[in-house]
Amino acid sequence: KIFILLCYFLNLLGMFQRLTMVGVDRLECAPEYEDRDMPAIGREVMERARPFGNRALILHGDTVASARLVPPWLDFIFIDAAHDTESVVADINAWAPKIQNDDGFIAGHDINLDSVREAVEKCFRDYRILPDNVWVAEPIALRADLADVA
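Residues numbered from 1 in each chain as written. Predicted model: local features only at pLDDT ≥ 70, side-chain atom pairs only at ≥ 80, totals over all residues. Heavy atoms only, no water.

Asker: What should I look at first to understand the overall build of the protein chain in this one?
Answerer: Scanning the protein chain from N- to C-terminus turns up 5 helices and 6 strands. Written out in order from the N terminus, the α and β elements of the protein chain read α-β-α-β-α-β-α-β-α-β-β. Looking at the protein chain as a whole, 41% of its 150 residues are labelled buried. Residue pairs in contact within the protein chain that sit at least 24 positions apart in sequence constitute 65% of those at least 6 positions apart. (Helix = DSSP H or I, 4+ residues; strand = E, 2+ residues; numbered from the N terminus. Buried < 20%, exposed > 50% of the residue type's maximum accessible area, 1.4 Å probe, protein only. Contact = heavy atoms within 4.5 Å.)

See the structure below:
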């Protein structure tokens, strides 16, 4: 998914000159992507990101650990990493504080999976479902006890 999603978001960098993007991926093969050459995909993403300089920050590694490297200046976050409930909750918990103000939002993919839906419902009082199994929520909808669900 890294190639498709990051290339989509890189296109947004071309359209919006003040936009900066942070992308994180382990570049490891999930079972459904075993036939993919992940190192080659990673190199292609980096090559496509190169023209945007420091407006496209691509981190390779664990999503929760990578969140510690990013200051709280993001306007939106899109989560599409591990799909088990615990991992999705951990990603939301790690990345939600990076939203700079209440105008930002958090979104993610695969809300059609029970584990993802369970995590989103654990973390947010309210969220919306968009086409292509995308969920979206505002940071102000975070449950007050979010730290207790990780």
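Asker: What exactly am I supposed to notice about the packing of helix α4 (residues 85–95) against helix α5 (residues 114–123) here?
Answerer: Each packed pair of helices is defined by two parameters, the angle between the axes and the distance between the axes. For the pair α4 and α5, the least separation of the axes is 8 Å and the interaxial angle reads 40 degrees. With respect to α5, the element α4 is oriented oblique. As for the relative orientation of α4 and α5, their crossing is right-handed in sense. Contact residues: α4 offers Thr 85, Val 88, Val 89 and Ile 92, while α5 offers Ser 115, Val 116, Glu 118, Ala 119, Val 120, Lys 122 and Cys 123. Classifying every residue of the contact of α4 with α5 gives 7 nonpolar, 2 polar and 2 charged. (Axes fitted to C-alpha atoms, helices over the stretch in contact; angles between N-to-C directions. Parallel < 35°, antiparallel > 145°, perpendicular 65-115°, else oblique. Left-handed = near helix turned anticlockwise from the far one by under 90°. Nonpolar A, V, L, I, M, F, W, Y, C, P; charged D, E, K, R; others polar.)

Asker: Can you walk me through empty space enclosed by the protein in this structure?
Answerer: Empty space left among the atoms is revealed by rolling a probe the size of a water molecule over them. Tallied over the full model, the rule gives 1 cavity of 30 Å³ or more. Approximately 40 Å³ is the volume attributed to the largest cavity. What lines the largest cavity is simply Ile 79, Asp 80, Ala 81, Ala 82, His 83, Val 88, His 109, Val 116 and Trp 135. The residue inventory of the lining of the largest cavity, partitioned by class, reads 6 nonpolar, 2 polar and 1 charged. (1 Å grid on protein atoms, 1.4 Å probe; cavity = no way out; pocket = protein on both sides within 12 Å on 5 of 7 lines; lining within 4 Å. Points joined across faces, edges and corners; volume = space filled by probe spheres on them.)

Asker: Help me out: how do you make sense of unusual backbone geometry in this one?
Answerer: A negative phi holds for most residues other than glycine; trans holds for most peptide bonds. The residue Asp 110 is not glycine, and still its phi comes out positive at about 70 degrees. Position of Asp 110 relative to the elements: it lies in the loop between β4 (105–109) and α5. Residue Asp 110 is classed as buried on the basis of its relative accessible area of 10%. Phi angles above zero are rare outside glycine, and Asn 133 is one such case at about 60 degrees. For Asn 133, the location among the structural elements is in the loop between β5 (128–130) and β6 (134–137). We classify Asn 133 as partly exposed; its relative accessible area is 31%.

Asker: Can you walk me through the side chain of Asp 80 in this structure?
Answerer: Position of Asp 80 relative to the elements: it lies in the loop between β3 (76–79) and α4. Polar side-chain contacts of Asp 80 include one of 3.2 Å to the side chain of His 83. (Polar contact = N/O pair within 3.5 Å; in protein donor to acceptor, adjacent residues only side chain to side chain.)

Asker: For this particular structure, what's the right way to read the packing of aromatic side chains?
Answerer: Aromatic ring pairs are described here by two measures, namely the spacing of the ring centres and the angle between the planes. Going through the model one piece at a time under the given rule, you end up with 2 aromatic pairs. Centre to centre, the rings of Phe 76 and Phe 105 are 5.0 Å apart; their planes meet at 20 degrees, and the pair counts as stacked. Here Phe 76, found in strand β3, pairs with Phe 105, found in strand β4; they are 29 residues apart in sequence, far enough to count as distant. Accessibility expressed as a relative area gives 33% for Phe 105, which makes it partly exposed. (Phe/Tyr/Trp six-rings, centres within 6.5 Å; stacked < 30°, edge-to-face > 60°.)

Asker: Whenever I open this one, the sheet that holds β5 confuses me. Can you help?
Answerer: Pairing within the open sheet is mixed, and its 4 strands lie in the order β3-β4-β6-β5. Two strands bound the open sheet, and with one partner strand each, they are β3 and β5. On average, each strand axis in the sheet is inclined to that of its neighbour by 25 degrees, with strand direction left out of account. Across 4 bridges, β4 lies against β6 in antiparallel orientation. The residue of β6 that forms the bridge with Gly 108 is Trp 135. (Pairing = 2+ DSSP bridges.)

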